[in-house]
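# Reading the structure
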Amino acid sequence: MGERGKNSAERRATLILLCLAAAVATGLSLPWGLGALVFIVPGFVVAIRGLNARPGQRMPRRRAFFAVALVLLTVLSMVASVRIAFYPSQAGLERCGTTTITEAGQAECRQQHLP
C-alpha cells in the first residue's frame, strides 16, 4: 500500500474511532455527555480533510465514507447542542429520575423539570 493509501486508511480508522467515541459520549448522563464535543470537533476536521484529499483510486467510495461520517457527526453535534441548550432542566430531570423508583415519582419528575 502506498503512502497515500496508508494515510487514507489511517484517516478512516481515526474517523471511525472518533465517531464511535462521540456516539458513546452523547449517550452518557450530564455533564459527561457534553464531552462528546471533544470527539465531534476533531471528527469534523478529519472528515473534511478526507473529503478534500487528492483523488486516487476508489475515490467515490472514500468520498461516500467521509460524507456519511460528516452526516453522522452533524447529527451528533445537534444532539449535543440541544442537550447544552436544555442543560438545567435535563440535568435536573436526570438527577431526579435516578432517585425515584415508582412510576408516580417518575411522572412527578417529568412534570417538575420539563417545560
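See the structure printed just above.
The residue count restarts for each chain, going from 1 along the sequence in the order it is written. Local features in this predicted model are restricted to residues of pLDDT 70 or higher, and side-chain atom pairs are both shown and tallied only at a pLDDT of 80 or more, whereas totals for entire chains, interfaces and linings draw on every residue. Only hydrogens and water are set aside; all other atoms, that is, all heavy atoms of the structure, feed into the side-chain values.

### Overview of the overall build of the protein
- Strands here are runs of E lasting at least two residues and helices are runs of H or I lasting at least four, both read from the DSSP assignment and numbered beginning at the N terminus. Within the protein, the regular secondary structure consists of 5 helices and 0 strands.
- Listed by position from the N terminus, the elements making up the protein come as α-α-α-α-α.
- Exposure classes here rest on a 1.4 Å probe applied to the protein chains alone. A residue is buried below 20% of its type maximum, exposed above 50%, and partly exposed in between. Taken across its 115 residues, the protein has 30% of its residues classed as buried.
- Sequence-distant contacts, at least 24 apart, represent 59% of the contacts inside the protein between residues at least 6 apart. Two residues form a contact once any of their heavy atoms are found within 4.5 Å.

### A word on the nonpolar core
- Counting residues in hydrophobic clusters, the biggest one holds 9 residues: L15, L18, C19, V46, A47, L51, F66, A69 and L73.
- Taken together, the elements giving at least two residues each to this core come down to α1 (3–26), α2 (36–51) and α3 (59–85).
- Dropping the residues within four chain positions of it, A69 is found in contact with L15 and C19.
- Residues A22, I40, L76 and A80 belong to the second largest nonpolar core, which totals 6 residues. Only buried residues count toward a nonpolar core. Its members are Ala, Val, Leu, Ile, Met, Phe, Trp, Tyr and Cys residues joined through side-chain atoms within 4.5 Å.

### Examining the packing of aromatic side chains
- Two rings from Phe, Tyr or Trp (for Trp, the six-membered ring) form a pair when their centres are within 6.5 Å of each other. A pair whose planes differ by under 30 degrees is stacked, one over 60 is edge-to-face, and the rest are tilted. Per the counting criterion, the structure on display carries 1 aromatic pair.
- Ring plane angle 75° and centroid distance 5.3 Å describe the contact between F65 and F66, whose orientation is recorded as edge-to-face.
- Overall, F65 belongs to the partly exposed group, its relative accessible area being 27%.

### Remarks on helix α4 (residues 87–99)
- Multiplying 1.5 Å by the residue count of a helix minus one yields the expected span of that helix. An ideal rise of 1.5 Å per residue puts 18 Å on 13 residues; α4 measures up with 19 Å between its terminal C-alpha atoms.
- Within α4 the residues assigned to the buried category are S89, A91, G92, L93, C96 and G97.

### What to know about α2
- Compared with the 22 Å implied by 1.5 Å per residue over 16 residues, the 22 Å span of α2 between its first and last C-alpha is a close match.
- The complete set of buried residues in α2 reads A36, I40, G43, V46, A47, G50 and L51. The buried side chains of α2 occupy one side of the element, clustering within an arc of 135° when seen end-on. More than 90 degrees from the buried face of α2, the exposed residues found are V38, V41 and R49. Note that the arc is computed from the directions linking the helix axis to the C-beta atoms.

### Some thoughts on the side chain of S77
- Within the secondary structure, S77 is located in helix α3.
- Residues adjacent in sequence count toward polar contacts only when both atoms are side-chain atoms; beyond that, a polar contact is any pair of N or O atoms within 3.5 Å, and within protein one must be able to donate a hydrogen and the other to accept it. There is a polar contact of 2.7 Å between the side chain of S77 and the backbone oxygen of T74.
- Residues contacting S77, with those up to four places away along its chain left out, are I40 and F44.

### Here's the deal with the side chain of R83
- The topology assignment puts R83 in helix α3.
- R83 gets classed as buried once you look at its relative accessible area, which sits at 14%.
- Of the polar contacts made by the side chain of R83, one reaches the backbone oxygen of L28; its length is 3.0 Å.
- Those residues in contact with R83 that lie beyond four places of it in its chain are T26, G27, L28, S29, L30, G33 and E94.

### What about the environment of V24?
- Examined against the element boundaries, V24 turns out to sit in helix α1.
- Owing to a relative accessible area of 57%, V24 belongs among the exposed residues under this scheme.
- Once the C-alpha coordinates of V24 and G35 are considered, the two residues, 11 residues apart in sequence, prove to be 9.9 Å apart.

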